[in-house]
Amino acid sequence: MNTDLKTYKRYAQGRAKKSPVIRDCIWAFCSGGGICVFAQWIKNGLLSGGTEEKTAGMLVSVILIGIASILTAFGVFDKIAKHTGAGTLVPITGFSNGISSSAIDARSEGFVLGVGAKMFQIAGPVILYGLSTGVIYGMIYWIIGL
């Protein structure tokens, strides 16, 4: 069995397209940075219009989530992410895409058992482990502060 696995591994590696890692990292950095620059531009516009700092930050998040959800609904987000890689998936836009795409896929099963039950199928583990890490970090910070 071990020999079959090694043979398959060699076969798969021989057929796999080599990934240009450096180029992919640069694209991810630039696209993620571009999203952040766009968000800052929105925030600066809100602040210059008289919106409070805290409210402007919240509105920027809501606007980015809305844009990513709309792009996901029209199938545009996946095309962008295909070319830009992790840059579009790491910021809040990737989280929005994960929730929106799960909801869109499950809509034929109804609102409760489809959309409601499966909306957080992809994003749920991120929320769970992010929250758990925050609790553990908080406990460590609290113990050190004693």
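Heads up: these notes are all about the structure in this document. (Residues numbered from 1 in each chain as written. Predicted model: local features only at pLDDT ≥ 70, side-chain atom pairs only at ≥ 80, totals over all residues. Heavy atoms only, no water.)

**Examining helix H3 (residues 53-73)**
With 21 residues, H3 should cover 30 Å at 1.5 Å per step; its first-to-last C-alpha distance of 30 Å lies within 8% of that length. Taken as a whole, H3 has its buried residues at Ala56, Val60, Leu64, Ala68 and Thr72. Within H3, the buried residues cover an arc of 145° as seen down the axis, which keeps them to one side. Facing away from the buried side of H3 by more than 90 degrees, the exposed set consists of Lys54, Ile70 and Ala73. Taken together, the buried residues of H3 touch helix H2 (21-48), helix H4 (76-84) and helix H6 (92-106). Once H3 finishes, Gly75 follows within two positions and takes phi at roughly 75°, a positive value. (Helix = DSSP H or I, 4+ residues; strand = E, 2+ residues; numbered from the N terminus. Expected span 1.5 Å × (residues − 1). Buried < 20%, exposed > 50% of the residue type's maximum accessible area, 1.4 Å probe, protein only. Arc of directions from axis to C-beta. Contact = heavy atoms within 4.5 Å.)

**Quick word on the environment of Ser102**
Tracing the backbone shows Ser102 in helix H6. C-alpha of Ser102 to C-alpha of Ile26: the two residues are 76 residues apart in sequence and 29 Å apart in space. Residues contacting Ser102, with those up to four places away along its chain left out, are Lys118, Met119, Gln121 and Ile122.

**Thoughts on the nonpolar core**
Judged by nonpolar contacts, Ala39, Ile42, Leu46, Ala56, Val60 and Leu64 together constitute the single largest core of six residues. Sorting the residues of this core by element identifies H2 and H3 as the ones contributing at least two each. Among residues more than four places away in sequence, those in contact with Ala56 are Lys43, Leu46, Leu47 and Thr51. (Core = buried A, V, L, I, M, F, W, Y, C linked by side-chain atoms within 4.5 Å.)

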